[in-house]
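Residue strings, one per chain:
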Amino acid sequence: MIDDPTRPFWLGLPYWLVGAILILALFGAFQVYYWVGRKLGEKLYESRIGVKVGRERIAKIERVVEKWGALAVYGCFWVPMLRHTLPWVAGALRVSYPWYVVASALGCLTWAPLWWFGLWSWLQLAVRSPVAAAAVAVLVVAGGAWLAVRRRRRQRGVDEEALVS
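It should be emphasised that the depicted structure is a prediction, and the values quoted were computed from it without experimental measurement.

Conventions adopted
- Residues numbered from 1 in each chain as written.
- Predicted model: local features only at pLDDT ≥ 70, side-chain atom pairs only at ≥ 80, totals over all residues.
- Heavy atoms only, no water.
- Helix = DSSP H or I, 4+ residues; strand = E, 2+ residues; numbered from the N terminus.
- Buried < 20%, exposed > 50% of the residue type's maximum accessible area, 1.4 Å probe, protein only.
- Contact = heavy atoms within 4.5 Å.
- Areas by Shrake-Rupley, 256 points an atom, 1.4 Å probe, with all protein chains shown as cover.
- Lys, Arg positive; Asp, Glu negative; His and termini not counted.
- Charge placed at Lys NZ, Arg CZ, Asp CG, Glu CD.
- 1 Å grid on protein atoms, 1.4 Å probe; cavity = no way out; pocket = protein on both sides within 12 Å on 5 of 7 lines; lining within 4 Å.
- Points joined across faces, edges and corners; volume = space filled by probe spheres on them.
- Nonpolar A, V, L, I, M, F, W, Y, C, P; charged D, E, K, R; others polar.
- Bend = angle between axes of the 7 residues up to and from the residue.
- Patch = residues over 30% accessible without salt bridge, like charges linked within 9 Å, V, L, I, M, F, W, Y side chains within 5 Å.
- Salt bridge = Lys/Arg side-chain N within 4 Å of Asp/Glu carboxyl O.

## Comments concerning the overall build of the chain
Counting secondary structure elements, the chain contains 8 helices and 2 strands. Mapped from its N terminus to its C terminus, the chain presents α and β elements in the order β-β-α-α-α-α-α-α-α-α. The dimensions of the chain, computed from C-alpha atoms along their principal axes, are 55 × 40 × 25 Å. Taken across its 165 residues, the chain has 29% of its residues classed as buried. For the chain, the share of sequence-separated contacts (at least 6 apart) that also reach a separation of at least 24 residues comes to 69%. Counting every atom, the chain has about 11500 Å² of accessible surface; 70% of that belongs to carbon and sulfur. Once the 20 positive and 10 negative side-chain charges of the chain are each reduced to a mean point, those two points are 3 Å apart.

Okay, here's the thing in structure tokens:
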């Protein structure tokens, strides 16, 4: 039932090798993000990306990085918006590069395979049973929406509590 991981998958490369290349590419991108942030520093905040993200959001990300350091880099893989902003903020804040490398490597080695193999498994399911694949997709989207609504309600409650105090 399980496909042979050594058979050609994409451009004649086996599935596992394509996954490894993608993990390395993600790791490389994270290193570029860090060094761009480190080189540009404060100039990033006035850049097009910095303006689009907004100074207030960047300040929140800075607080996370200042509190958690390189551990925040690992955690950012699991949070969609942070994944693309935290690495350059870590560079601008001059997080220890050796720890950044360790955290980003661990993030790449844990987050990317879950997505890569999860997507592959879902595609395999879709080939065998499109109805089951659609049901899984609906469940994943519904779960994400439920988590987002729950988080917003919790945040709204904290904001209202702060106003009352």
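## Let's talk about the layout of surface pockets
The volume enclosed by the largest pocket comes to roughly 970 Å³. In terms of lining, the largest pocket is formed by 18 residues, of which the most central are Lys60, Val79, Met81, Leu82 and Arg151. Put simply, the parts of the chain that give the lining of the largest pocket at least two residues each are helix 4 (55-68), helix 6 (80-92) and helix 8 (130-164). Residue composition of the lining of the largest pocket, by class: 10 nonpolar, 2 polar and 6 charged. Considering the residues around the second largest pocket, the lining is formed by Trp78, Leu114, Trp115, Gly118, Leu119, Trp122, Val136, Ala137 and Val140. Taken together, the elements giving at least two residues each to the lining of the second largest pocket come down to helix 7 (97-128) and helix 8. At 5 residues, helix 7 tops the list of elements feeding residues into the lining of the second largest pocket. Split by residue class, the lining of the second largest pocket holds 8 nonpolar, 1 polar and no charged.

## Focus on helix 6
Along helix 6, the helix axis deviates most sharply at Leu86, where the bend reaches about 40°; the proline Pro87 sits within four residues downstream. Buried within helix 6 are the following residues: Leu82, Arg83, Thr85, Leu86, Pro87, Trp88, Val89, Ala90, Gly91 and Ala92. Packed against the buried residues of helix 6 are helix 1 (15-40), helix 2 (43-46), helix 3 (48-53), helix 4, helix 5 (70-76) and helix 7. Arg94 sits one or two residues past helix 6 and shows a positive phi near 60°.

## Remarks on a nonpolar patch on the surface
On the surface, a nonpolar cluster with roughly 420 Å² of combined accessible area is contributed by Leu119, Trp122, Leu123, Val136 and Val140. At the level of secondary structure, the elements contributing two or more residues to the nonpolar patch comprise helix 7 and helix 8. The greatest single-element share of the nonpolar patch, amounting to 3 residues, is contributed by helix 7.

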